[in-house]
Amino acid sequence: MRNVLSWYFQRITGALLLILLAAHFWVEHFMSAELRRGDLSYQAIHSRIANPTWQFIDIAFLLVALWHGLNGVRNIILDYSRIGRRATQAISGVLVVAGVVWAWWGIEAFRNL
Amino acid sequence: MKYLRQFSGQTAQVVQRVSGVLLLVYLFLHVRTIHELSRGPEAFDAALLTFRNPLFKTLELGLFATVILHALNGIRITLIDLGIGQERQRRLFWVYSVGIGAVIFLAGAIPLVLAAMQRS
Amino acid sequence: MPVQLAEQPYRIRITRSAGEGIAKVPQEYTVPLEDRMTVLDALFRIQREQDASLTFRCACRVGMCGTCAISVNGIPRLACRTRIRTLDAGPIQLAPLPNLPVIQDLAVSLDPFFEQWKRIRPAFRPKDPESQELARVPATSAYARHTPEKRDCITCGICYGACGVKSTSGEYLGPAAINKAYLRLMDPRDIAIEERMAPLNEERGGVWRCHTQFNCTAACPKGITLTDSITRLKRAMLSPRKFEKL
């Protein structure tokens, strides 16, 4: 069951990312006149990111993207059976650790504001 | 690799994987940039200025193209996985993923380039 | 550009080797082209008139047995069903079927192919092996309506040779084995489900290694929609009980 759920989840997270990306792009580049002109500034971004709702959406975006991307990398590795079961497991472990560290690092960016 | 010319389903897979890995690299750089926010307004605004130079703008266009390709091909793959369009899978790739992707890319890239040229 | 009709000499470049792991060497022959000549015809010509050491397989020579599967200009095909006139002008490149160990020249061993084939328990497993009754499949059943074209597999190995994943994954079942498993699972008279699900569900070698390249579907000489079988099985893994027979 784990394999089929993982397969479905890659497609579901893909669809989610489409929505989250569209929302993120709109918020960052089209939501205000200032942004539409391309005048990104510390003020424009900081004021939005201080808001916990936006933080939640941005962090969700990051976590979904990390799962989708690192699971994708894992599938690339699984296609190369010649590297053996042990090596594959080791690389999967590295990917999990990388994902956790990366997620924590991303969330830290909000806490340091 | 020899089938790339004949069977474009394999080309689609390679495109999906390469674009996916590139996007992961971008994600890493992006999170790093957001961390710059914590260094205060002057440092952040200075960092933003470096993104205005033509090299970065070109990379941005590359990012845009990569996202569109990966997203549209991802939709195509999901449709195929659901059993839709398998008889047309080759056309789905070249006409929809690549063709419509190019249209969307131009729709976004041309205003972006014009705005950047106007500012400099 | 297709070659012109008339007795034109035709260049054929064959990748030869004395066995697996031994260096592959291209050797070129020239064969006069005759109407309706197939690649297999050309191979016989070369063997009889020019080089008796050339090794290749064939049996029925009419596209029924699947024995003569080789790589023609980079694409796995049946030699007996490839008319030379339909190929591009220029030396025709012949090579052994990919992803399989070479025995000699164009003859490969299908052992790995059949090892994977056997893993999904291809034999029919009826509910009552002692039964004397005819086991009918109603014409209106899903099996009868949906699977006829998928039953034409001649185990030629072309899909196995065409698959891009097979070139990197020795553990992957391959399209033919998965298609066969799909047929058995769909058959209302066949009761073996669990033991087929196990190899199909494997992370490293099961259906999950398929990435819908469609090489198999494009190359299959019988026109079986292999990728369709594999994707249907992937979806069915969510609810394997659907294969349970009443």
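Here is what the cut-offs are and how they apply
Position labels on residues start from 1 in each chain and follow its written sequence. By the order in which they are written, chains take letters starting at A while ligands take numbers starting at 1. Only residues with pLDDT of at least 70 get local features here, since the model is predicted, and only at 80 or more are side-chain atom pairs given and counted; chain-wide, interface and lining totals rely on the full set of residues. Only DSSP runs of H or I reaching four residues or more are called helices, and only runs of E reaching two or more are called strands; each is numbered from the N terminus. A radius of gyration in this sense is built from C-alpha atoms; the matching globule rule multiplies 2.2 Å by the number of residues raised to 0.38. Here a residue counts as buried when 20 or more other C-beta atoms sit within 10 Å of its C-beta, as exposed when there are 12 or fewer, and as partly exposed otherwise, the C-beta atoms being derived from the backbone. We call two residues in contact whenever the C-beta atoms placed from their backbones are within 7 Å. Nonpolar residues are Ala, Val, Leu, Ile, Met, Phe, Trp, Tyr, Cys and Pro. Charged residues are Asp, Glu, Lys and Arg, and all others, Gly as well, are polar. Residue ranges for the domains trace back to a domain assignment, done automatically or taken from a database. DSSP calls a pair of strands paired once it identifies at least 2 bridges connecting them. Each axis is a line fitted through C-alpha atoms, taken for helices only over the stretch in contact, and angles between the N-to-C directions span 0 to 180 degrees. Buried Ala, Val, Leu, Ile, Met, Phe, Trp, Tyr and Cys residues form a nonpolar core when they are connected through C-beta atoms within 7 Å. Oblique is the label for any angle not covered by the other classes, which are roughly parallel (under 35 degrees), roughly antiparallel (over 145) and roughly perpendicular (65 to 115). For a crossing to be left-handed, the near helix must be turned anticlockwise from the far one by less than a right angle; the clockwise case is right-handed.

K.L.:
Sorry, what's going on with the overall build of chain A here?
P.N.:
What chain A contains, in helices and strands, is five helices and zero strands. Walking chain A from its N terminus toward its C terminus, one meets helices and strands in the order α-α-α-α-α. Its C-alpha radius of gyration of 18 Å places chain A more than 25% over the 13 Å reference for a compact globule of 113 residues. In terms of principal-axis extent, the alpha carbons of chain A reach across some 55 × 30 × 25 Å.

K.L.:
Teacher, can you tell me more about the overall build of chain C here?
P.N.:
Within chain C, the regular secondary structure consists of eight helices and seven strands. Oriented by its inertia axes, the alpha-carbon framework of chain C measures out at about 65 × 35 × 35 Å. The 246 residues of chain C split such that 42% are buried. Within chain C, residue pairs in contact and separated by at least 24 positions form 64% of the contacts whose partners lie at least 6 positions apart.

K.L.:
It is not clear to me how the interface of chain B and chain C should be interpreted in this structure. Could you clarify?
P.N.:
It is common to give the size of an interface as the accessible area that goes away when the parts come together. Each partner contributes residues to the interface: chain B has 13 residues there, and chain C has 14 residues. Considered class by class, the residues forming the side of chain B that touches chain C number four nonpolar, seven polar and two charged.

K.L.:
Help me out: how do you make sense of the domain arrangement of chain C in this one?
P.N.:
Residue and element names in this part refer to chain C. Splitting chain C by domain gives domain 1 (9-108) and domain 2 (111-243). Here domain 1 and domain 2 have C-alpha centroids that lie 29 Å from each other. Elements represented by at least two residues in the side of domain 1 that touches domain 2 include exactly strand S3 (69-72) and strand S4 (75-78). Of all the elements, S4 adds the most residues to the side of domain 1 that touches domain 2, at four residues. When the residues that make up the side of domain 1 that touches domain 2 are grouped by side-chain class, the tally is nine nonpolar, four polar and two charged.

K.L.:
Teacher, can you tell me more about the sheet that holds strand S1 (residues 9-16) of chain C here?
P.N.:
By way of backbone hydrogen bonds, the strands of a sheet pair with one another, either parallel or antiparallel. All names here are of chain C. In space, the five strands of this open sheet follow the order S2-S1-S5-S3-S4, with mixed pairing throughout. Both edges of this open sheet fall to strand S2 (25-32) and S4, since each of them pairs with a single strand only. With direction set aside, neighbouring strand axes in the sheet form an average angle of 35°. Sheet topology note: the S1/S2 ladder contains eight bridges and is antiparallel. Across the sheet, residue Thr15 finds its bridge partner in S2, namely Pro26. With respect to the sheet, helix H1 (residues 39-49) is in contact with S1, S2, S3 and strand S5 (92-95), its orientation differing from that of S2 by roughly 95°.

K.L.:
Looking at this structure, I do not really get the interface of chain A and chain B. What am I missing?
P.N.:
Counting from both sides, the interface comprises 19 residues of chain A and, opposite them, 21 residues of chain B. Those elements giving two or more residues to the side of chain A that touches chain B turn out to be helix H1 (2-29), helix H3 (42-49), helix H4 (52-78) and helix H5 (85-111) of chain A. The leading source of residues in the side of chain A that touches chain B is H4 of chain A, at five residues.

K.L.:
Would you take a moment to explain the nonpolar core for this structure?
P.N.:
Most often, soluble globular proteins keep nonpolar side chains buried together rather than apart. Of all hydrophobic cores here, the largest spans 61 residues; its most connected members are Cys159 and Ile178 of chain C. In terms of residue count, the dominant contributor to this core is helix H5 (residues 175-186) of chain C (seven residues). What Ile178 of chain C contacts, discounting residues up to four positions off in sequence, is Leu173, Leu200, Val207, Ser229, Ile230 and Leu233 of chain C. Membership of the second largest hydrophobic core comes to six residues, among which are Val67, Ile68, Leu69 and Ala71 of chain B.

K.L.:
Looking at this model, I keep getting lost on the pairing of S3 of chain C. Mind explaining?
P.N.:
Sheet faces and side chains relate simply in a regular strand, where the side chains alternate between the two faces. All names here are of chain C. Two elements, S3 and S4, share four bridges in a ladder whose sense is antiparallel. Across the sheet, Ser71 pairs through a bridge with Pro76, a residue of S4. Counted between consecutive antiparallel strands, the loop separating S3 from S4 contains two residues, among which Asn73 sits at a positive phi close to 50°. Taken together, the two bridges between S3 and S5 define a ladder with antiparallel strand orientation. Each residue of the ladder has a partner; that of Ser71, found in S5, is Ala95.

K.L.:
Just checking my understanding: could you explain the packing of H1 of chain A against H4 of chain A for this structure?
P.N.:
Packed helix pairs are specified by the crossing angle of their axes together with the interaxial distance, meaning the distance between the axes. Residues and elements named next belong to chain A. Running from N to C, H1 and H4 cross one another at 140°; their axes reach a closest spacing of 9 Å. With respect to H4, the element H1 is oriented oblique. Pair H1 / H4 crosses with left-handed handedness. From H1, Ser6, Gln10, Thr13, Gly14, Leu16, Leu17, Leu20, Ala23 and His24 reach across to H4, where they touch Ile57, Ala60, Phe61, Val64, Ala65, Trp67, His68 and Asn71. Its residues assigned to classes, the contact of H1 with H4 shows 10 nonpolar, seven polar and no charged.

K.L.:
Looking at this structure, how should I read the environment of Gln13 of chain B?
P.N.:
Inspection of the secondary structure puts Gln13 of chain B in helix H1 (residues 8-35). Between the alpha carbons of Gln13 of chain B and Leu59 of chain B there is a distance of 23 Å; along the sequence they are 46 residues apart. Apart from the residues within four sequence positions on either side, Gln13 of chain B is in contact with His211 and Gln213 of chain C.

K.L.:
Sorry if this is basic, but what is going on with the environment of Ala236 of chain C here?
P.N.:
Residue and element names in this part refer to chain C. With respect to the element layout, Ala236 can be found in helix H8 (residues 226-236). When the 19 C-beta atoms within 10 Å are taken as the criterion, Ala236 is described as partly exposed. Separated by 54 residues in sequence, Ala236 and Tyr182 have C-alpha atoms that sit 10.0 Å apart. What Ala236 contacts, discounting residues up to four positions off in sequence, is Lys242 and Phe243.

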